[in-house]
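For reference, the chains in residue letters:
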Amino acid sequence: QFLYFIGAMSIVLFLVLGAVVVGATPWWEPASIFDDNTTDRLLLLSNATRLSYVSTHGSYYNPSDANATLAQAGWIRGHEENPEFGFHAIAFVNPAAARLLIAIRGTDLNVSGLSGQADVCADHFLWDAPPDFANFSGAPDFCAKFNRSTLDYFGAARSFLASAKASYPGYHVLLTGHSLGAGLAAMLALWPSSGACPGPANDGAAVFSAPDYLYALRRRTNESFGDAQAYRVAVVADEFDPVFYRAKERAFEGMVGWRGLWVESQTGAPSVACEVCDLVEHAKSLETPFCFACMLTRHVFSHYEALVASGGVPKNISRVQLCTGSETCRQNPCASPCCG
């Protein structure tokens, strides 16, 4: 009877777990965040991104948000990576829909503490320096005190995604984040998994003001990341955001996918600092005086949180493509070289 009971329970568990996987609700395509009728989607992403800042260790930590989850119904807080310094992320779980929303924290700009220092160093090796963690030229002196594993945020992001998916098998995964977190989320959305015909192990990324993620990816793999995968990433940004300036400057080397911009009629005229940064300084460094001043008004996440809360959606929408044949690739990822 005991063996019969165990066998019966195994069947029940199989049916229950199977129902969860079969009944999983796929995420909407990232580009749908530009739809005027779906501002609730931007609010969901904004809420998750905010918590990645205020409920993890660092300069923005707020103890009252330590265990907070999304305000929208049905979401609980799940897997998280929350060290004193280094890579930070939170996975939010919706069991009824079998969905995961992974929010990756952006840069802590306060370099007086270890959290901000590690983030700034990770930014250096992601967007500026070769990803071998061997050359600290151009990096702040404090970067030398961190080991390679601490500064390998992309490696940490891949491990976090794999662990979260293993904890919730069959769930659909969407990635989000701001700035550094947005860049990492976009990289994960395009990064190939193993297999004869590789494809990303998630439903894509919808993010706020991502750095030039395609440039960073191409230094780590021989994949083409063509138009076939463009639909997997959607980036929203203020058109005067210096991080957007830089990604735009690198053009096809910097990004691929959908892009929506909040424009001057929605955000107001740019400051002198933003104009100088756009015309002169962003080609040098985002840390130059005018660019940094512009970032404090146009790039910080509180600015994007306010834009989303106002109910407006980006108006200037475009798609950056590298080759043709996306619909064929989407339906059959092995159909052409453009499919990565």
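Report on the accompanying structure. (Residues numbered from 1 in each chain as written. Predicted model: local features only at pLDDT ≥ 70, side-chain atom pairs only at ≥ 80, totals over all residues. Heavy atoms only, no water.)

**Here we look at helix 6 (residues 180-190)**
(1) Moving on: Here helix 6 lies mainly inside the structure; 11 of its 11 residues are buried.
(2) Moving on: Listed as buried for helix 6 are L180, G181, A182, G183, L184, A185, A186, M187, L188, A189 and L190. (Buried < 20%, exposed > 50% of the residue type's maximum accessible area, 1.4 Å probe, protein only. Helix = DSSP H or I, 4+ residues; strand = E, 2+ residues; numbered from the N terminus.)

**Some remarks on helix 5 (residues 153-167)**
(1) Moving on: Compared with the 21 Å implied by 1.5 Å per residue over 15 residues, the 21 Å span of helix 5 between its first and last C-alpha is a close match.
(2) Moving on: Residues Y153, F154, G155, A157, F160, L161 and A164 constitute the buried set of helix 5. (Expected span 1.5 Å × (residues − 1).)

**So, a nonpolar patch on the surface**
(1) Moving on: On the surface, a cluster of nonpolar side chains totalling about 330 Å² of accessible area is made up of Y60, L109, F292 and L296.
(2) Moving on: In this fold, F292 is placed in helix 11 (residues 289-298). (Patch = residues over 30% accessible without salt bridge, like charges linked within 9 Å, V, L, I, M, F, W, Y side chains within 5 Å. Areas by Shrake-Rupley, 256 points an atom, 1.4 Å probe, with all protein chains shown as cover. Salt bridge = Lys/Arg side-chain N within 4 Å of Asp/Glu carboxyl O.)

**Points about unusual backbone geometry**
(1) Moving on: A positive phi angle, near 60°, is found at S179, a position not held by glycine.
(2) Moving on: Looking at the element boundaries, S179 is found in the loop between strand 4 (172-177) and helix 6.
(3) Moving on: The backbone of S209 sits at a positive phi, close to 50°, despite the residue not being glycine.
(4) Moving on: A relative accessible area of 1% places S209 in the buried class.

**Brief notes about the pattern of salt bridges**
(1) Moving on: Tallied over the full model, the rule gives five salt bridges.
(2) Moving on: D65 serves as the salt-bridge partner of R50, at 3.2 Å between the closest nitrogen and oxygen. Of the two residues, R50 is situated in helix 2 (residues 39-54) and D65 in the loop between helix 2 and strand 1 (76-81); the sequence distance between them amounts to 15 residues.
(3) Moving on: Since its relative accessible area comes to 25%, R50 is described here as partly exposed.
(4) Moving on: Accessibility expressed as a relative area gives 11% for D65, which makes it buried.

**Quick notes on the packing of aromatic side chains**
(1) Moving on: One pass over the full model with this rule turns up 12 aromatic pairs.
(2) Moving on: Aromatic side chains F85 and F146 sit 5.6 Å apart centroid to centroid with 55° between the ring planes, which places their arrangement in the tilted category. Of the two residues, F85 is situated in the loop between strand 1 and strand 2 (89-94) and F146 in the loop between helix 3 (114-128) and helix 4 (148-151); the sequence distance between them amounts to 61 residues.
(3) Moving on: Judged by relative accessible area, F146 falls into the buried class, the value being 7%.
(4) Moving on: For the ring pair Y168 and Y171, a centre distance of 5.4 Å and an interplane angle of 45° mean the geometry is tilted.
(5) Moving on: Y171 gets classed as buried once you look at its relative accessible area, which sits at 13%.
(6) Moving on: An aromatic cluster is built from Y53, Y60, F208, W262, F301 and Y304, whose rings are joined through pairwise contacts.
(7) Moving on: Here the guanidinium or amino end of R99 rests over the ring plane of W27, the centre of that ring lying 4.4 Å away.
(8) Moving on: Above the face of the F154 ring, R158 is positioned so that its terminal group lies 4.8 Å from the ring centre. (Phe/Tyr/Trp six-rings, centres within 6.5 Å; stacked < 30°, edge-to-face > 60°. Lys NZ or Arg CZ within 6 Å of the ring centre and 35° of its normal.)

**Examining the packing of helix 5 against helix 6**
(1) Moving on: Following both chains from N to C, one finds helix 5 and helix 6 inclined at 60°, their axes separated by 10 Å at the closest point. Considering the angle they form, helix 5 stands oblique to helix 6. As helix 5 runs across helix 6, the sense of the crossing is right-handed. Along its contact with helix 5, which presents Y153, F154, A157, R158 and L161, the element helix 6 presents L180, L184, M187 and L188.
(2) Moving on: Of the residues belonging to the contact of helix 5 with helix 6, the class tally is eight nonpolar, no polar and one charged. (Axes fitted to C-alpha atoms, helices over the stretch in contact; angles between N-to-C directions. Parallel < 35°, antiparallel > 145°, perpendicular 65-115°, else oblique. Left-handed = near helix turned anticlockwise from the far one by under 90°. Contact = heavy atoms within 4.5 Å. Nonpolar A, V, L, I, M, F, W, Y, C, P; charged D, E, K, R; others polar.)

**Focus on the pairing of strand 6 (residues 233-238)**
Regular strands show a simple pattern: their side chains alternate between the two faces of the sheet.
(1) Moving on: Within strand 6, six of the six residues are buried, leaving the element largely enclosed by the surrounding structure.
(2) Moving on: By the alternation rule, side chains of strand 6 split into V233, V235 and A237 and A234, V236 and D238, which are all buried.
(3) Moving on: Relative to strand 6, strand 5 (residues 205-208) runs parallel, the two being bridged by four bridges. The partner of V207 across the bridge, within strand 6, is V235. (Pairing = 2+ DSSP bridges.)

Read these as spatial facts, not as claims about activity.
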